[in-house]
Amino acid sequence: MTGAARDDFGFDHVPETDQSFEEALQKARAGERLSVADGVELMTTGTDRAGIDARRKELVLEAADRRRAEMVGDEVTFVANLNNNVTTACTTGCLFCNFKNTAHLFESDSDVDHQGFTKTPAESRDIVADAVEMGIYEVTSVSGLHPALVLDEEHREILQSYDNPAAEVNYKPPEVYDADPGTYAEQLTAMSVDGVHVHSMTPEEAHHAKRGTDWTYEEVYRRLDAAGLDSAPGTAAEILVPEVRDVICPGKIGTDEWVAGMEGAMQAGLDVTATIMYGHVENEMHRVMHLDVVRDLQDRYGGITEFVPLSFVHQNTPLYDRGLVTGGATDDEDELMVAVARLYLDNVEHIQSSWVKFGNAKALKLLNCGADDLMGTILSEEITKRAGGEFGEFRSFDEYVDMITAIGRQPVERSTDYRTRRPLDIDADTHGPVLGPHADGTPLLERSRDPALADD
C-alpha cells in the first residue's frame, strides 16, 4: 500500500494469512469460491514476501482475464449518460473528499466566497432535458448532505417539529440558504425527463432522507421510486471496515448502515451498484474484507448489477493536505484491485474500469485485468475533477469504438441495468447512442446546444 504506512494507524486488520499464494491462485483458476485469506494472498501477490511480485501479479491478472471471458465474453459496455449532482453543500466532513463545501457557506448571511453550487429542481430539469435531447438516457446524481434537503414535505414537517432541528436532526429551512434545493422527491421528479433512467440516492443520501424518523430504508426507497428513481448507486461505501472509516470518514454512516441502505433499495425492487474507494489509508486485508461484504450482500439479494473500483485521487483532498497520505494507489495495486474483484466476486457479472480515474490507456489496460465495462459518456463530471482528476469529462461513442477495438474487443452500448445491449458497427462512419428517448445514432457533441460541453 502506498497511501500511508501500514503501521501509521494501528489497525487491527493487517494483510497476514496462513494461506499460500500458490493455493489461492489454484483455487482462483479452478473457479472455486475464495476465502478472505485467498483474496489477500492474491491482492498482495503473496504475504510471504514484501512488495508486488511482477511474475505472480501477471498470473493473477491472467486468471482474472480468463474469468472475465468465461463470465461475460469479449464485450466492453458503456452508456450514454450525464452527471447532474444537485449540491456540494455538505455537513459530513469526509477527509478523502474535495467535492463538498461546508454547508454554512451557502447560508444567505455568509460572506465567505466558495466555488460550490446548489441547483433548484427546475435547474436540474433543464440540464437533464438538454442532455436527453442530445441522446443520453441515464442521469447519475450524487450530492452533498445539504441541511435543507428532505425526502418530501411530510419529512420536512417531521423535522420542523423538533425543538432544535439544526442540532438534533441536521435540518435548516430552505430560506436560510441562497438557493433552495427542494426535496429529494422533487429533484428526482424533475430529472425524470422523457423516461430517462435516474440513478441516484446513495445509502448515505437515503440515511439523510430518513433522519429524524422511524422510517425503514425500504420505505424511503419506495417513496423515491414513486418520485422517479430507477436505480441506486452503492457509493458512500469507501472501505466497508469500521477501523478505516473511523480515520477517513468518521461522520459518515457506518458499514452496517451502508449494508442496510443497499438492502432497503433492493427490497424496494431497485437495482443497485457497489463500489470501493481504495488507495488511501487502508491495506490489502481491508480491501478484501470489503469485497466479502459485497459478495455476501449479493448472495442474499442478487440486485447488484456491477462493481465499481474507485482509485483514490489524492491531490486536493484533506487526507493529503494533512499528511495522512502521500499518494494514491500504484498501477500494480489498481490492476490487482480489479483482478481480485473479478475473482472474488463470483456472483457479480460486471466490473467497471474508469477512464475518469485512470485516463484512456490505463482504463484499457484494466479491461485486460478482469473489467468489462467502461463507464459512460458522462458529459459533466464534478467529483473526481474537484479532487484533482485530469482526464476530462466526456468520451464520445466514436472514441469508445476506437479505444475498445484497439484491444480487440467488441464495443457495446448498454442500458443502465445491462438488460438491453447494442453491439456497435465498428465500420460505420460515425457512432452515437440509440437507446435513449431522443437518441438516433447522432454523435452527442454535434447536437450540443452548450458549447462549454465540448471542452474536453
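Quick summary incoming for the structure in this document. (Residues numbered from 1 in each chain as written. Predicted model: local features only at pLDDT ≥ 70, side-chain atom pairs only at ≥ 80, totals over all residues. Heavy atoms only, no water.)

1. Quick notes on the side chain of Asp 38
Link 1 in the chain: If you trace the backbone, Asp 38 turns up in helix 2 (residues 36–44).
Link 2 in the chain: Not counting the four nearest positions on each side in its chain, Asp 38 is found in contact with Gln 19, Ala 24, Lys 27 and Arg 33. (Helix = DSSP H or I, 4+ residues; strand = E, 2+ residues; numbered from the N terminus. Contact = heavy atoms within 4.5 Å.)

2. Regarding the nonpolar core
Link 1 in the chain: In this structure, Leu 42, Tyr 221, Trp 258, Phe 307 and Leu 374 are the most contacted members of the largest nonpolar core, which totals 111 residues.
Link 2 in the chain: Ranked by residues supplied to this core, first place goes to helix 14 (residues 331–344) with eight residues.
Link 3 in the chain: Residue-level mapping places this core at the junction of two domains, with at least three residues from each of domain 1 (21–57) and domain 2 (70–423).
Link 4 in the chain: For Leu 42, the residues in contact, after removing those within four places along its chain, are Phe 21, Ala 24, Leu 25, Ala 28, Leu 34, Val 60, Leu 336, Val 340 and Leu 343. (Core = buried A, V, L, I, M, F, W, Y, C linked by side-chain atoms within 4.5 Å. Buried < 20%, exposed > 50% of the residue type's maximum accessible area, 1.4 Å probe, protein only. Domains from an automatic or database assignment.)

3. Digging into the sheet that holds strand 1 (residues 75–79)
Two modes of strand pairing occur in sheets, parallel and antiparallel, and in both the strands are linked by backbone hydrogen bonds.
Link 1 in the chain: Taken together, the four strands give an open sheet; going across it, the order is 11-1-12-13, and neighbouring strands pair in mixed fashion. Taken across any chain shown, the strands that pair with only one partner, and hence form the sheet edges, are strand 11 (373–376) and strand 13 (421–423). Taking each pair of neighbouring strands and ignoring which way they run, the sheet shows an average axis angle of 25 degrees.
Link 2 in the chain: Two elements, strand 12 (residues 410–414) and strand 13, share three bridges in a ladder whose sense is antiparallel. (Pairing = 2+ DSSP bridges. Axes fitted to C-alpha atoms, helices over the stretch in contact; angles between N-to-C directions.)

4. A look at the environment of Arg 419
Link 1 in the chain: Along the chain, Arg 419 turns up in the loop between strand 12 and strand 13.
Link 2 in the chain: Classification of Arg 419 by relative accessible area gives exposed; the value is 58%.
Link 3 in the chain: Along the primary structure Arg 419 and Thr 305 are separated by 114 residues, whereas in three dimensions their C-alpha atoms are 9.9 Å apart.
Link 4 in the chain: Reaching out from Arg 419, the side chain makes a polar contact with the side chain of Asp 271 at a distance of 2.7 Å. (Polar contact = N/O pair within 3.5 Å; in protein donor to acceptor, adjacent residues only side chain to side chain.)

5. Some details on the packing of helix 2 against helix 14
Link 1 in the chain: Between helix 2 and helix 14, the shortest axis-to-axis distance is 10 Å and the interhelical angle comes to 150 degrees. One way to sum up the angle between helix 2 and helix 14 is to call them roughly antiparallel. For the crossing formed where helix 2 meets helix 14, the hand is right-handed. Where helix 2 abuts helix 14, its residues Val 36, Gly 39, Leu 42 and Met 43 lie against Leu 336, Met 337, Val 340, Leu 343 and Tyr 344.
Link 2 in the chain: Counted by class, the contact of helix 2 with helix 14 contains eight nonpolar, one polar and no charged residues. (Parallel < 35°, antiparallel > 145°, perpendicular 65-115°, else oblique. Left-handed = near helix turned anticlockwise from the far one by under 90°. Nonpolar A, V, L, I, M, F, W, Y, C, P; charged D, E, K, R; others polar.)

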